[in-house]
Amino acid sequence: MLKEAHGIGQFLGEMKNRTFQKYDAFTVGEVFNEKPEEIKDFIGEQGYFSSMFDFNETICGGSEKGWYDARKITPDEYKACCFEAQAKVGNIGFLSNIIENHDEPRGVSRYIPDGDCCTQSKKMLAALNFMLRGIPFIYQGQELGMENMPFTSIDDVDDISTLNEYQTALQAGLSPEQALQAVARYSRDNARTPMQWTDQPNAGFTTGTPWLKVNPNYTSINAAVQTDDPYSVRNFYKQLIALRKNPAYKETIVYGSLEPVWEDRHNLMAYYRKGETNILVIGNFQKEEQTVELPSAVKKVLLNNDRSLKLEQQTLLLNGYQAVILEL
């Protein structure tokens, strides 16, 4: 194994020297099962890549038996996965933070508890992910809060991994209906359905026949309807991007440290971003209200996914799935 690892490292080093480095290219690696002491080999000043994707959350709840045996990640597990990845990397380099990609189901359907997927919870998830230390990636449709496809038949699926997992589920004794339900949650085709541009036929993606069916919720979730809505998921992402680029906070958000807080609080995810300024990010990861006692007075509310803010002195009452970004 050591010899094999050494050979892979030698190959990656040569690849970097012959390609990426001479063009000063920005690269992101898909790295799995790395040990903490190996992080510096992959990212940082001497790393093979500029950055690496954080897959800690995507593999949580998985099973060696197959997708049919996997379980949905809880809010507390999501929080723990994010903070574990951040701690492992530390100041070595920058993670590339994702909610979803072309090989994963839609993040809002994966990480938000069943039945709670709504505009408020989608914006909360966006804030908690986007403000982490690292480089945020936004996959097509994520900025609209696109959701998993409600597959009604295995014939709707094109992805080979999903088809294989469906057969695995059947061999494990599940009925065809149970097998479809089990694999639909994790199918890569969830992220590969046509982009939802408008409420017109085929979501405005094509006048032809798309390779996959369009998600039937395209009439309510599409770019056109969200563009002029100041409270839409799309415009919340625009606000997050603007905050990250704001000269007053850019240094802290991009380069500042990340310090988790209230880690033992159930369904509450919160952390500091510290640098030139002191920023506190808080997300109430449930539909019930939660109260938080802030450590100091609020200097400025930088972003709030809710239309109200219940703050009395240093007592903050968070509505369901409310996320706030505060300068203290």
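Starting from 1, residues in each chain are numbered consecutively following that chain's sequence as written. Residues qualify for local features only when their pLDDT is at least 70, as the model is predicted, and side-chain atom pairs are given and counted only at 80 or more; totals for whole chains, interfaces and linings, by contrast, use all residues. Hydrogens are left out, water is left out, and the side-chain values use all remaining heavy atoms of the structure.

Asks: Which parts of the structure should I look at to understand the overall build of the protein?
Replies: Along the protein, the regular secondary structure elements total 11 helices and 12 strands. As defined in this context, the radius of gyration uses C-alpha atoms, and a globule is described by 2.2 Å times the residue total to the power 0.38. Radius of gyration (C-alpha) of the protein: 21 Å, near the 20 Å computed for a compact globule of 328 residues. Its C-alpha atoms put the protein at 55 × 50 × 40 Å along the principal axes. The cut-offs for exposure are 20% and 50% of the maximum accessible area for each residue type, with area from a 1.4 Å probe on protein chains only; residues under the lower value are buried, those over the upper are exposed, and the others partly exposed. Within the protein, the proportion of its 328 residues that are buried is 50%. In what follows, a contact means two residues having at least one pair of non-hydrogen atoms within 4.5 Å. When contacts within the protein are restricted to residue pairs at least 6 apart in sequence, those whose partners lie at least 24 apart make up 66%. The protein chains shown are the only cover counted for residues, whose accessible areas, like all others here, come from Shrake-Rupley with a 1.4 Å probe. As displayed, the protein offers around 16,300 Å² of accessible surface, 51% of which is attributable to carbon and sulfur atoms. His is not counted, nor are the chain ends; Lys and Arg add positive charge and Asp and Glu add negative charge. The atom standing in for a charge is NZ when the residue is Lys, CZ when it is Arg, CG when it is Asp and CD when it is Glu. Charge centroids of the protein, computed over 33 positive and 44 negative side chains, lie 4 Å from each other. Here a helix means four or more residues in a row that DSSP labels H or I, a strand means two or more in a row labelled E, and each is numbered from the N terminus.

Asks: Would you mind showing me how to read the side chain of E34 here?
Replies: Relative to the helices and strands, E34 is located in the loop between β1 (28-29) and α2 (39-42). In this structure E34 comes out as buried when scored by relative accessible area, which is 13%. In contact with E34, not counting residues within four places along its chain, are I39, F42, M52 and K88.

Asks: What is the right way to read helix α7 (residues 160-171) from this model?
Replies: Since the α-helix advances by 3.6 residues per turn, residues separated by three or four positions end up pointing in the same direction. Given a helix with a known number of residues, its expected span is that number minus one, times 1.5 Å. The end-to-end C-alpha distance of α7, which contains 12 residues, comes to 17 Å, matching closely the 16 Å that a straight helix rising 1.5 Å per residue would cover. Among all positions in α7, only T162, E165, Y166 and A169 are buried. The arc enclosing the buried residues of α7, seen along the axis, measures out at 110°, which places them on a common side. Pointing more than 90 degrees away from the buried face of α7 are the exposed residues I160 and Q171. Where the residues of α7 are buried, they touch α8 (176-184). Immediately downstream of α7, the backbone of G173 shows phi near 105°, a positive value. When we speak of the arc, we mean the arc of directions from the helix axis to the C-beta atoms.

The values reported here are purely geometric and, on their own, carry no functional implication.
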